[in-house]
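# Summary of structural features
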Amino acid sequence: MDFTFTEEQQAAVEASATVFGGVAPDGVPSPALTAGAVADDFDRALWAKLADADLLSLLLDPAYCGAGLDAIALCLVLRESAKVLARVPLLESTAAAVTVQEYGAEETKAGLLARAGRGEVVLTVAANGRTGHEPAQRAVTARRDGDVWTLDGVQTAVAWAHGADLVVVPAHTDDDRTLLALVPRGHEGTVLGEQVSTSGERLGELRLESARIPGGQVIEAEGAWERLRDLLTTGTCALALGLGERVLHMTSAYTGKREQFGFPVATFQAVAVQAADRYIDLRAMEATLWQAAWRISTGAAGTGTGGTAKGTAAGTAGGALPVAGDVAVAKIWASEGVRRVVQTAQHLHGGFGADTDSPLHRYHAWAKHLELSLGPAAAHEEALGDLLAAHPLG
């Protein structure tokens with residue numbers, strides 16, 4: 001596989017590096033010193049800069065004032081955002097918008113997408129179900145009543161829910177179909193409770209009690225939820241990669257100047273071996289991330305947004321696993337890898353990383369949130385095993 005990025009994808013990285021270059025990871029109170037959320041809202045000033053740089057419309061078609069790029073470009077930008085712990089719903093809003101673009105009604109697309117690309121409308125996704133340990137679509141029921149759908153259920157830990165204008169809620173119908181409802185914040189029949197993430201960010205528990213959503217605001221197309229879920233998961237893996245890379249860089253800088261017995265601790269074999277192991281983790285995270293993003297972007301699994309990375313993969317036709325297999329592998333490495341990277345960083349910092357004067361403790365908190373969001377590697381390994389059993393490779 002040749003993962004050479006296109007000029008457009010590289011331009012997106014350069015633009016994002018410029019925007020995120022001035023972001024301070026300690027721009028809000030420390031989650032270790034704050035009883036509740038570190039802030040009431042996401043970073044609106046940074047959101048406006050992303051809009052001005054056209055980074056909120058990367059995946060939108062030119063018809064909606066977008067760049068028409070793909071999931072690879074989004075992951076490249078998310079990777080940069082995680083290096084500075086950017087507090088913006090870039091992943092959720094972009095993934096929701098591109099799902100509307102691919103599966104939504106024309107009227108919905110016309111009234112929403114261009115505004116979302118300009119940052120005027122913020123979207124998020126209820127992707128965690130009732131408890132975080134069940135399929136999100138099973139947590140909410142949807143019943144048709146003429147041209148309206150009635151939703152009942154609970155979605156927990158909805159990211160950026162208190163600042164988003166629309167929440168995309170997956171729900172299941174009586175005939176076991178999955179649909180996506182675009183629920184406005186404060187909509188009649190909804191209650192948004194207070195929750196706080198491991199990273200200190202404000203989350204919402206969304207309760208739907210006979211919430212009536214017009215049919216035009218509901219996506220019934222088959223595969224829409226799976227597409228959205230794959231984008232969210234792959235984007236989360238990109239966040240884990242960017243965070244891990246910054247943490248390893250911080251660890252390298254610290255061990256290079258920290259001395260013991262008159263020598264930098266980075267020259268000690270035990271330290272070098274641990275750092276090398278974490279570097280291998282990051283390269284594995286990177287390779288599996290780009291494989292999953294490539295499968296989504298090129299349409300090799302029956303989906304795609306247009307633009308592609310250069311290169312071809314042997315075996316993508318005739319017996320190849322569904323894209324869910326590549327996503328599962330990426331999740332395995334990202335979930336385990338980001339945890340190992342921050343744990344090793346704390347160990348090699350000798351406890352200094354836990355000091356609230358050091359930014360490392362913030363990265364540790366965000367890494368734990370990402371790990372929990374991705375779920376345990378064992379569960380993804382089991383899912384991968386089921387796919388291998390059902391799709392023998394010829």
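My aim in this report is to walk through the structure given alongside it, one point at a time. Keep in mind the model is a prediction, meaning the values are calculated, not measured.

Across its full length, the chain carries 10 helices and 10 strands. In terms of principal-axis extent, the alpha carbons of the chain reach across some 80 × 55 × 40 Å. In the chain, buried positions account for 52% of the 394 residues. Accessible area for the chain stands at about 16800 Å²; split by element, carbon and sulfur atoms hold 52% of it. Each charge sign in the chain was given a centre, from 31 positive and 48 negative side chains, and these centres are 3 Å apart.

Here a ring pair, both rings aromatic, is described through the centre-centre distance and the interplanar angle of the planes. Tallied over the full model, the rule gives four aromatic pairs. On the numbers, 6.2 Å between centres and 85° between planes, the contact of phenylalanine 42 with tryptophan 160 is edge-to-face. Placement of phenylalanine 42 in the loop between helix H1 (7-20) and helix H2 (44-52) and of tryptophan 160 in the loop between strand E3 (148-159) and strand E4 (166-172) is noted, with a sequence separation of 118 residues between them. In textbook terms, an aromatic cluster arises when at least three aromatic residues are bridged by ring pairs, as seen for Phe42, Trp47 and Trp160. When the ring centre of tyrosine 279 is taken as reference, the NZ or CZ atom of arginine 283 above it lies at 5.0 Å.

The buried fraction of E3 is high, at 10 of 12 residues. Between strand E2 (residues 140-145) and the antiparallel strand that follows it, E3, lie two residues; glycine 146 among them carries a positive phi value of about 70°. With nine bridges joining them, E3 and strand E7 (residues 202-214) adopt antiparallel strand pairing. Counterpart to valine 154 in the pairing with E7 is arginine 207.

Residues Phe20, Leu46, Leu50, Leu228, Leu243, Val247 and Trp290 are the most contacted members of the largest nonpolar core, which totals 90 residues. With 14 residues, the single largest contributor to this core is helix H6 (residues 224-257). If you look at the next biggest cluster of nonpolar residues, it comprises 19 residues, including Ala142, Val183, Ala211 and Ile213.

Before going further, it helps to examine the pattern of salt bridges. Counted by the stated rule, this structure contains 27 salt bridges. A salt bridge links arginine 118 to glutamate 120; the nearest nitrogen and oxygen atoms lie 2.8 Å apart. Judged by its relative accessible area of 45%, glutamate 120 is partly exposed. The structure contains a network of salt bridges with shared partners spanning Arg278, Asp281, Glu336, Arg339, Arg340, Lys368 and Glu371.

Relative to the helices and strands, serine 358 is located in the loop between helix H8 (323-348) and helix H9 (360-374). What serine 358 contacts, discounting residues up to four positions off in sequence, is Phe352 and Gly353.

The next subject is unusual backbone geometry. Even without glycine at this site, aspartate 54 takes up a positive phi of about 60°. Mapped onto the elements of the fold, aspartate 54 is located in the loop between H2 and helix H3 (71-83). Judged by relative accessible area, which is 49%, aspartate 54 ranks as partly exposed. The phi angle at tryptophan 160 is positive, at roughly 55°, despite the residue not being glycine.

A separate point is H6. Helix length check: H6, at 34 residues, gives a terminal C-alpha distance of 50 Å against a target of 50 Å (1.5 Å per residue), a fit within 8%. Burial runs high along H6: 26 of the 34 residues are buried.

Before going further, it helps to examine helix H10 (residues 377-390). Between its terminal C-alpha atoms H10 stretches 20 Å, which fits the 20 Å expected from 14 residues at 1.5 Å a residue. Looking only at H10, the buried set comprises Ala377, His380, Leu384 and Leu387. Down the axis of H10, the buried set is contained in an arc of 80°. They therefore lie on one face. Away from its buried face by more than 90 degrees, H10 exposes Ala378, Glu382, Asp386, Ala389 and Ala390. Considering only its buried residues, H10 is in contact with H8 and H9.

Reading guide: rules and limits
- Residues numbered from 1 in each chain as written.
- Predicted model: local features only at pLDDT ≥ 70, side-chain atom pairs only at ≥ 80, totals over all residues.
- Heavy atoms only, no water.
- Helix = DSSP H or I, 4+ residues; strand = E, 2+ residues; numbered from the N terminus.
- Buried < 20%, exposed > 50% of the residue type's maximum accessible area, 1.4 Å probe, protein only.
- Areas by Shrake-Rupley, 256 points an atom, 1.4 Å probe, with all protein chains shown as cover.
- Lys, Arg positive; Asp, Glu negative; His and termini not counted.
- Charge placed at Lys NZ, Arg CZ, Asp CG, Glu CD.
- Phe/Tyr/Trp six-rings, centres within 6.5 Å; stacked < 30°, edge-to-face > 60°.
- Lys NZ or Arg CZ within 6 Å of the ring centre and 35° of its normal.
- Pairing = 2+ DSSP bridges.
- Core = buried A, V, L, I, M, F, W, Y, C linked by side-chain atoms within 4.5 Å.
- Salt bridge = Lys/Arg side-chain N within 4 Å of Asp/Glu carboxyl O.
- Contact = heavy atoms within 4.5 Å.
- Expected span 1.5 Å × (residues − 1).
- Arc of directions from axis to C-beta.

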